[in-house]
Structure formats: C-alpha cells, structure tokens
Amino acid sequence: MGPGTRISAVADFESWAGRQSPAELAEPFTYVVGTDGLLRLAPRRSEHVACADGAAVLGAGEITFVREAGEWAVGEVSNQSTGYCPDVTSWPAVARALDRVALRRPGAFTHEVVFRRCPACAEHNIVREADFVCVFCGGELPQEWNVDDAARPDARSDGRSDGRSDGRSDGW
C-alpha cells in the first residue's frame, strides 16, 4: 500500500470518509502525523511507515471514527505503531492534527502503548502492567522513552522498512 491520504482540512476528511465503505469505517485506520503536523490516513492493514511514505513522524497509531449528531468525531485513538513506537507524549501533536481538521476528539489517547528499547539487547518491547523488563533477554527497561532516531525505520542502514534487523515481523 502507498502513502496515506493527507488530511489538512475538514473538507479533505469528508471527501476521504465518503470514499470508505461502511465495513471499512467500522474498523480502525492507520494514521500518522507528519512533521508538517498533518494527519495521514490509510487502511488498518497498512504499515505506519508506508502511510508516512517512509518519513519521520510526530505521532502514529490506530484511530476509529464515529458519527455523532451528524458530524464526524474520533471514537478511539492510540499510539499503537510498532513501526515507529511513538511515546505517549506524542499526544499533543496528534491532538493538534485532529483539531486542524475540526474533528471532535478525546482528551488523550484512549489506549496508550508504552514502548521501550532494551539497552542490553536493543529489542523493542511493549511494556505491560508497568513491568519494565525486556521480554527477550530479561534486562531492565528504562522508565523514560528511548526508541530514538537510531531505531526509526527511515534511519536504518540495512534498508529494512519494518524497523527490525532480525527478520521478525511486527507481531511481537
């Protein structure tokens, strides 16, 4: 799949939503917020890195939309992107992008995912239940977000687009 659809105004969103089937609108979508602050949307099965056309992002995750009182609103929104592993502190950039499109939205991520890179083995982890222990090597994970530019897919020297160097997919 190619880059996501750029949404810079409410008219862009209305046009995009009008092209989606009812079945598609019932599912979450992949989103990214580019460094230009604009929202980009793609089908859920799209990779975030592809949605961003390989570029750096300010935020990424999954999002659902609902109709409320005849207007579109955000139903749920997360930072769940194993391609970018964005920190929960990316919310303000996501909120600004949604506000720009005049979509009603929650006050924060409705589902926060805590990502950390293990200093011992360099694997990416999803922290569950505040257990900051690497599931790969048992090493201690830092309390602060540390999935930095060196781990970002477009900064990789091995050319992989999934952000991994070991051949495994995003299903961890």
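Before going into details, it helps to say that this report is about the structure given with it. Here the structure is a predicted model, which is why all the values come from computation and not from measurement. (Residues numbered from 1 in each chain as written. Predicted model: local features only at pLDDT ≥ 70, side-chain atom pairs only at ≥ 80, totals over all residues. Heavy atoms only, no water.)

### Examining the side chain of arginine 116
Right, so step 1: For arginine 116, the position within the fold is in strand E6 (residues 114–117).
Right, so step 2: What makes arginine 116 buried here is its relative accessible area of 5%.
Right, so step 3: Among the polar contacts made by the side chain of arginine 116, one reaches the main-chain carbonyl oxygen of proline 142 at a distance of 3.0 Å.
Right, so step 4: Side-chain polar atoms of arginine 116 contact the backbone oxygen of glutamine 143, separated by 2.4 Å. (Helix = DSSP H or I, 4+ residues; strand = E, 2+ residues; numbered from the N terminus. Buried < 20%, exposed > 50% of the residue type's maximum accessible area, 1.4 Å probe, protein only. Polar contact = N/O pair within 3.5 Å; in protein donor to acceptor, adjacent residues only side chain to side chain.)

### Let's talk about the nonpolar core
Right, so step 1: With 23 residues, the main nonpolar core has Phe13, Tyr31, Leu41, Ile63 and Phe65 as its most contacted residues.
Right, so step 2: Of all elements in the fold, only helix H1 (10–18), strand E2 (29–34), strand E3 (39–43), strand E4 (57–68), strand E5 (71–77) and helix H4 (91–100) reach the threshold of two or more residues within this core.
Right, so step 3: Ranked by the residues each element gives to this core, the list is headed by H4, at five residues.
Right, so step 4: Beyond its immediate stretch of four places on either side in the chain, leucine 41 contacts Gly4, Thr5, Ile7, Phe13, Trp16, Thr30, Tyr31, Cys51, Ile63 and Phe65.
Right, so step 5: Val49, Cys51, Val57 and Ala60 belong to the second-largest nonpolar core, a separate cluster that totals eight residues. (Core = buried A, V, L, I, M, F, W, Y, C linked by side-chain atoms within 4.5 Å. Contact = heavy atoms within 4.5 Å.)

### Let's talk about the pairing of E5
Right, so step 1: As defined by bridge partners, E4 adjoins E5 across six bridges and the pair is classed as antiparallel. Each bridged residue has a counterpart across the sheet, and for valine 66 the counterpart in E5 is alanine 73. (Pairing = 2+ DSSP bridges.)

### Re the sheet that holds strand E1 (residues 5–7)
Right, so step 1: Taken together, the five strands give an open sheet; going across it, the order is E1-E3-E2-E4-E5, and neighbouring strands pair in antiparallel fashion. Each of the sheet's edge strands pairs with one partner strand only, and the pair in question is E1 and E5. The mean inter-strand angle of the sheet, taken between neighbouring strand axes irrespective of direction, is 40 degrees.
Right, so step 2: Pairing of E2 with E4, which is carried by six bridges, proceeds in the antiparallel orientation. (Axes fitted to C-alpha atoms, helices over the stretch in contact; angles between N-to-C directions.)

### Some thoughts on unusual backbone geometry
Negative phi characterises most residues that are not glycine, and trans characterises most peptide bonds.
Right, so step 1: The phi angle at alanine 69 is positive, at roughly 50 degrees, despite the residue not being glycine.
Right, so step 2: Tracing the sequence through the fold places alanine 69 in the loop between E4 and E5.
Right, so step 3: Look at alanine 69 and you get exposed, because its relative accessible area is 79%.
Right, so step 4: Residue glutamate 129 is not a glycine yet carries a positive backbone phi of 50 degrees.

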